[in-house]
Amino acid sequence: MTAGSDAPADAPARTPKGMHDVLWPESARWERLVARFAALVEGAGYGLAITPIVEHVGIFNRGIGEGSDVVGKEMYTFVDRDGQVMALRPEGTAPVVRAYVQHHPVPPWKAWYVAPSFRHENPQHGRYRQHFQLGVEALGPSDADLDVEVIALAFDFIASLGLHQVILKVHSMGNEVCRPGYVELLRAFLAEHRSQLCGPHQARFEQNPLRVLDCKTPECEDVTEAAPRFVDNLCEPCAAHFARVRAGLDALDVPFVVDHRLVRGFDYYTRTTFEFASGAIDAAQNALGGGGRYNGLVEMLGGPPTPGIGFGLGIERILIACDAEGVFATEAPPLHAYVIDVTGGESAVLLTAELRRAGFRVDRGFDGRSMKSQFKSADHSGALVALVIGDRELAEGTVGLNPLRSDGEQRDIPRSDIVDELRALLS
Ligand code: AMP
């Protein structure tokens, strides 16, 4: 059977379920958001990393963990034509760490990304099968100051959008020294309260007790409220690390709460974890982004022992929160001019090119349509002025300048003066 031969011939021309087109002018808001993020993180030494959308499935199995929801239940996997098992990227960290292992840049290595992520979830508002993440990864230093830098970058970005109703939660998940002891303590506690847990966790809390801390059912939340806390069971170096992170955030006036249940869904985290939650949107989908330290991930993917930390922010969620708070509105920059030419010669080609080369945003009519129809398109385009070339203008060597968004009559400008005139008008 060839690929797609079982697809219905009349498949509707629609995006796949849970996926969306982002069209202009909303896409202009995306561009602005990404440009703002790029400027912020590049100013802190992070360089853009562009990795494939597809990776060998093992990159995610080993990194995120096969027991996690993202890998175990939601990842898009397929066998390619070479018989290799591949996966569409479900998150941004593992591919960047894979790139680090492959290219071994000199640490400290700081990278940022903007990339689509794919998860086969039950779609709802704010939860999609394709979403975009903006993120950073910093590899090399184990210094708690780097945790502070990374968290503060995400905080500053969110604040720069005008979002105020956002809570930063931080936690520490310890390391290979103290985590096993804590997990045992938690397992014993959950065993005592097994009958009060939600159905699925009654059956399988023993495999990974930490996931119960992440469970959002009221039953599990009631139980874990009183569970032993990781911060009370950290080894001395992890406790000192976490104390320095908190002190650094305090020093930078980054407000936060310690959330004893913030374990996040991926196996690779060690020590610091953090998440930004919006108070302005539906609690089930209120995470704007999060991240943490992953000191073992580079080794898990076959590289030398190298600490790392990063975060991923969901673009769609951030924009939903912006809408809820009435900030960072869609503002698409308008066209400066729209060229209307009814002479059928080369005037529109030449004038449009000249203005674009001079740095103006310009569009034009095509197909030799009537003056009236081209004016309609000019109006629809949002351009600030129409530049009209009819037979008279052509004969006289002029262009009719017609303001579309302000009062004023059409006036004739010598063709050779049009760049200067437009510049003066728009300044
Ligand atoms: P995670 O990699 O799960 O920590 O996700 C990082 C961020 O990406 C989350 O905080 C959300 O903002 C966003 N995100 C994750 N999954 C989805 C999804 N299915 N749809 C939309 N946004 C998502």
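Whatever comes next refers back to the structure up there.
Being a predicted model, the structure only gives us computed values, none of them experimental. (Residues numbered from 1 in each chain as written. Predicted model: local features only at pLDDT ≥ 70, side-chain atom pairs only at ≥ 80, totals over all residues. Heavy atoms only, no water.)

Enquirer: I'd like to hear about the environment of Val 231, residue by residue, with values.
Expert: With respect to the helices and strands, Val 231 occurs in the loop between helix 9 (218–225) and helix 10 (236–251). For the pair Val 231 and Phe 157, spaced 74 residues apart in the sequence, the C-alpha separation amounts to 28 Å. Not counting residues within four places of it along the chain, the set of residues in contact with Val 231 comprises His 171, Phe 242, Val 258 and His 260. (Helix = DSSP H or I, 4+ residues; strand = E, 2+ residues; numbered from the N terminus. Contact = heavy atoms within 4.5 Å.)

Enquirer: Give me the lowdown on the packing of helix 5 (residues 144–160) against helix 10, citing residues and values where you can.
Expert: Each pair of packed helices can be summarised by the angle the axes make with each other and by the distance between the axes. Across the interface, helix 5 lies against helix 10 with an axial gap of 8 Å and an inter-helix angle of 40 degrees. Taken together, the axes of helix 5 and helix 10 are oblique relative to one another. Seen along the crossing, helix 5 lies across helix 10 with a hand that is right-handed. In contact with Ala 144, Asp 145, Asp 147, Val 148 and Ile 151 of helix 5, helix 10 contributes His 241, Arg 244, Val 245, Gly 248 and Leu 249. Residues belonging to the contact of helix 5 with helix 10 are distributed by class as follows: five nonpolar, two polar and three charged. (Axes fitted to C-alpha atoms, helices over the stretch in contact; angles between N-to-C directions. Parallel < 35°, antiparallel > 145°, perpendicular 65-115°, else oblique. Left-handed = near helix turned anticlockwise from the far one by under 90°. Nonpolar A, V, L, I, M, F, W, Y, C, P; charged D, E, K, R; others polar.)

Enquirer: Explain the site of the ligand to me, and be specific about the residues and the numbers.
Expert: Close contacts around the ligand come from 15 residues, with Arg 119, Glu 121, Tyr 128, Arg 264 and Ala 287 the closest. Note that an oxygen atom of the ligand is positioned 3.3 Å from one of the side-chain N or O atoms of Gln 133. Looking at the shell around the ligand, the elements with two or more residues in it are strand 6 (130–139), strand 10 (287–293) and strand 11 (308–314). The greatest single-element share of the shell around the ligand, amounting to three residues, is contributed by strand 10. (Near = heavy atom within 4 Å. Polar contact = N/O pair within 3.5 Å; in protein donor to acceptor, adjacent residues only side chain to side chain.)

Enquirer: Run through the sheet that holds strand 4 (residues 85–88), naming residues and quoting values.
Expert: Pairing is antiparallel in the open sheet, where three strands are placed in the order 2-4-3. Edge positions in the sheet fall to strand 2 (54–56) and strand 3 (77–79), since each of these pairs with one other strand and no more. Neighbouring strand axes in the sheet, compared pairwise and without regard to direction, differ in orientation by 35 degrees on average. As judged from the three bridges shared by strand 2 and strand 4, these two strands associate in the antiparallel manner. In the sheet register, His 56 faces strand 4, and the bridge partner there is Met 86. Sheet strands touched by helix 2 (residues 57–64): strand 2, strand 3 and strand 4. Its angle to strand 2, the strand with the most contacts, is close to 75 degrees. (Pairing = 2+ DSSP bridges.)

Purely spatial values, then, with no claim about function.
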